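# A structural walkthrough
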Amino acid sequence: ELSSGINAEYGVSYGLFSLPGSFLPLYNLDRNINLDVTSVILGAVPFCYIFMCPLVAKLLDRFSSKMLLLLSTGLVSVITLLFSTLGYVKHNGLYIALSLILRICQGLFGGVIDVVAFATTARLFPNNIALTTAIVETSLNLAIATSPFIGAVLYEKVSFLLAFVVPAAAIFLVFIASIFTVKDVNCKRNDTQSCTRTVMTDFLILFPAWHCAFSQLLLNFYIPILAPYTEVEFGRGAVFAGICLLVNTIGIIVTSPFLGQLMDMFNPYIFLVISAFLLPITYLFLGPSPFLTSFVSPSPTQLLVVLALIGAEMPMACYPSLIIMYDIYKTRFGKMSPSAQNLITSLYCGSFPLGAFLGVVIAGIVSRYLTFAQSTMIMGWVAVLESLILFIYCFLVARLKRYRSEEYSPILAPNVDMEVTSHSG
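Residues numbered from 1 in each chain as written. Predicted model: local features only at pLDDT ≥ 70, side-chain atom pairs only at ≥ 80, totals over all residues. Heavy atoms only, no water.

### Observations regarding the overall build of the protein chain
Scanning the protein chain from N- to C-terminus turns up 16 helices and zero strands. A total of 425 residues make up the protein chain; the buried ones form 59% of that total. Considering only intrachain contacts with a sequence separation of at least 6, the fraction spanning at least 24 residues in the protein chain is 86%. When the accessible area of the protein chain is evaluated, it comes to approximately 16800 Å², of which 69% is carbon and sulfur surface. (Helix = DSSP H or I, 4+ residues; strand = E, 2+ residues; numbered from the N terminus. Buried < 20%, exposed > 50% of the residue type's maximum accessible area, 1.4 Å probe, protein only. Contact = heavy atoms within 4.5 Å. Areas by Shrake-Rupley, 256 points an atom, 1.4 Å probe, with all protein chains shown as cover.)

Given below as structure tokens:
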């Protein structure tokens, strides 16, 4: 079983990002702060994650993994508590500046938690990559689902202050529990071989990370615009938006372990292709798109069903990426070095916050010019284009494997052992 402490730490990492997503847009609108500004505030956390992913690999060479986790978790608890005091700041300019500073700090230390928790898990469980990833991602998605819902309830029923004080207290409890439950795992690299240029210039290695990032873009696109949309369209505010995000993430939680196990057993590329068919179609029904209104009308039920389907389809779009990136590297270069594994893992981890950042920022910009239905329709058609590129990518991979005489090939043979080289020495 995965360490409960690591699962809790990973949940803290992504719960930070989603916590204010259901109520901060409405709170800021009441303060006459536009959605595009709120999107930048929300996007500051995943933006910092992007840069922390490669940096943390170097930190792990110098410092204890447990020490990094505990230090970051304790600081994140304090920063979240400080965020609760921003309701007393009356000047909007100062409020925006302090919000950005605190969200950036959350992002810096949350990014450490994210990568260290994932790297530790990879060392402890080097086999069954997709299943392990799915279980860890389930824990973070549980946090993503519950934190905005709890935050919305506290905000609407109690106050802005408690919407952050209660999560700060919960994070502190995770800090205390992690002292006793998290193992100190050796995550140092044992080789000095540099593979940065090799990996960073290989399209076939990089594209799965980008596709994962794009899928996260779709998943996070509606976070900053959902509460204003439900309030105007259905007369339901932050709590209903929190319920929508909860249902959305339950779809991920329910399907993740099952799909993760299947991805370890069968061809992982198949799951990418299936998601490439389903996800764009489902996204077009989110608004729903104007050309679909003769078939389906906007309603709370329609919104909840579509969000649940998007959640159920998301693991197929994201979780195969790490296996495929490992596979392409081994197909091209043979045995994977620890440096290559660290770099590829950090790229995979970085794809999630990259997509989250792009999603919320783009949503904030387009919300000034387009309705919810129009903006989600455009993203649906962009997803169609991404799927076409994915099909071309699969063709290129198949052609590569025809010219390489490797002993195993996930695109040609199921039930392969995707063992990852251990870094523990």
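### Points about the pattern of salt bridges
The full count for this structure, using the stated rule, is three salt bridges. Taking the shortest distance from any N to any O, the salt bridge between Asp36 and Arg368 comes out at 2.8 Å. In this pair, Asp36 sits in helix α3 (residues 35-62) while Arg368 sits in the loop between α15 (338-366) and α16 (372-402), placing the two residues 332 residues apart along the sequence. A salt bridge links Arg332 to Asp202; its shortest N-O distance comes to 2.5 Å. With Arg332 in helix α14 (residues 320-333) and Asp202 in the loop between α8 (196-200) and α9 (203-221), this pair connects stretches of sequence that are 130 residues apart. For Asp202, a relative accessible area of 8% corresponds to the buried category. (Salt bridge = Lys/Arg side-chain N within 4 Å of Asp/Glu carboxyl O.)

### Digging into α3
Each turn of an α-helix holds 3.6 residues, which means side chains three or four residues apart point in the same direction. Relative to the 40 Å expected for 28 residues at 1.5 Å per residue, α3 spans 41 Å between its end C-alpha atoms, a close match to the ideal helical length. Roughly 40 degrees is the biggest bend found in α3, and it falls at Ala44, with proline Pro46 one to four residues downstream. (Expected span 1.5 Å × (residues − 1). Bend = angle between axes of the 7 residues up to and from the residue.)

### Some remarks on the nonpolar core
Membership of the largest hydrophobic core comes to 101 residues, with the highest contact counts inside it found for Phe160, Tyr222, Leu226, Leu286, Leu303, Ile344 and Tyr393. In terms of residue count, the dominant contributor to this core is α9 (ten residues). When sequence neighbours within four positions are dropped, the list of residues in contact with Ile344 reads Val199, Ile205, Leu322, Met325, Tyr326, Tyr329 and Met336. (Core = buried A, V, L, I, M, F, W, Y, C linked by side-chain atoms within 4.5 Å.)

### Regarding unusual backbone geometry
With omega at -10 degrees, the peptide bond leading from Gly287 into Pro288 counts as cis. With respect to the helices, strands and loops of the structure, Pro288 is situated in the loop between α12 (268-284) and α13 (300-318). One non-glycine residue, Asn32, adopts positive backbone phi at about 65 degrees. For Asn32, a relative accessible area of 70% gives the class exposed.

### A look at α9
A rise of 1.5 Å per residue sets the reference length of α9, with its 19 residues, at 27 Å; its end C-alpha atoms lie 25 Å apart and thus fit the reference within 8%. Summarising burial for α9: 16 of the 19 residues are buried, a large majority. The N-terminus of α9 is capped by Asp202, whose side-chain oxygen sits 3.0 Å from the backbone nitrogen of Leu204. (Polar contact = N/O pair within 3.5 Å; in protein donor to acceptor, adjacent residues only side chain to side chain.)

### Let's talk about the packing of aromatic side chains
Applying the stated rule across the entire model yields 22 aromatic pairs. Measuring from centroid to centroid gives 6.1 Å for Phe203 and Tyr393, while their planes differ by 75 degrees, and the two rings are edge-to-face. Of this pair, Phe203 sits in helix α9 while Tyr393 sits in helix α16, and the two are 190 residues apart along the sequence. Residue Phe203 is classed as partly exposed on the basis of its relative accessible area of 45%. An angle of 35 degrees between the planes, with centres 6.3 Å apart, marks the rings of Tyr222 and Tyr283 as tilted. Here Tyr222 is found in the loop between α9 and α10 (223-234), whereas its partner Tyr283 is found in helix α12, with 61 residues between them in sequence. (Phe/Tyr/Trp six-rings, centres within 6.5 Å; stacked < 30°, edge-to-face > 60°.)

### As for the state of the cysteines
In the structure shown here, the tally under the stated rule is zero disulfides. Its sulfur unpaired, Cys212 is 3.9 Å from the next cysteine sulfur, which belongs to Cys318. (Disulfide = S-S within 2.5 Å.)

### Digging into the side chain of Ser84
Tracing the backbone through its elements, the reader meets Ser84 in the loop between α4 (65-83) and α5 (92-124). For Ser84, a relative accessible area of 2% gives the class buried. Only 2.4 Å separates the side chain of Ser84 from the backbone oxygen of Leu81, close enough to count as a polar contact.

### What about the packing of α9 against α10?
Between α9 and α10, the least distance of the axes is 6 Å, while the angle of their chain directions is 25 degrees. Judged by the angle between their axes, α9 and α10 are roughly parallel. Touching Leu219, Asn220 and Phe221 of α9 are Ile223, Pro224 and Ile225, all from α10. (Axes fitted to C-alpha atoms, helices over the stretch in contact; angles between N-to-C directions. Parallel < 35°, antiparallel > 145°, perpendicular 65-115°, else oblique.)

### Looking at a nonpolar patch on the surface
Together, Phe63, Met67, Leu71 and Leu75 make up an exposed nonpolar region whose accessible area comes to about 320 Å². By the secondary structure assignment, Leu71 is in helix α4. (Patch = residues over 30% accessible without salt bridge, like charges linked within 9 Å, V, L, I, M, F, W, Y side chains within 5 Å.)

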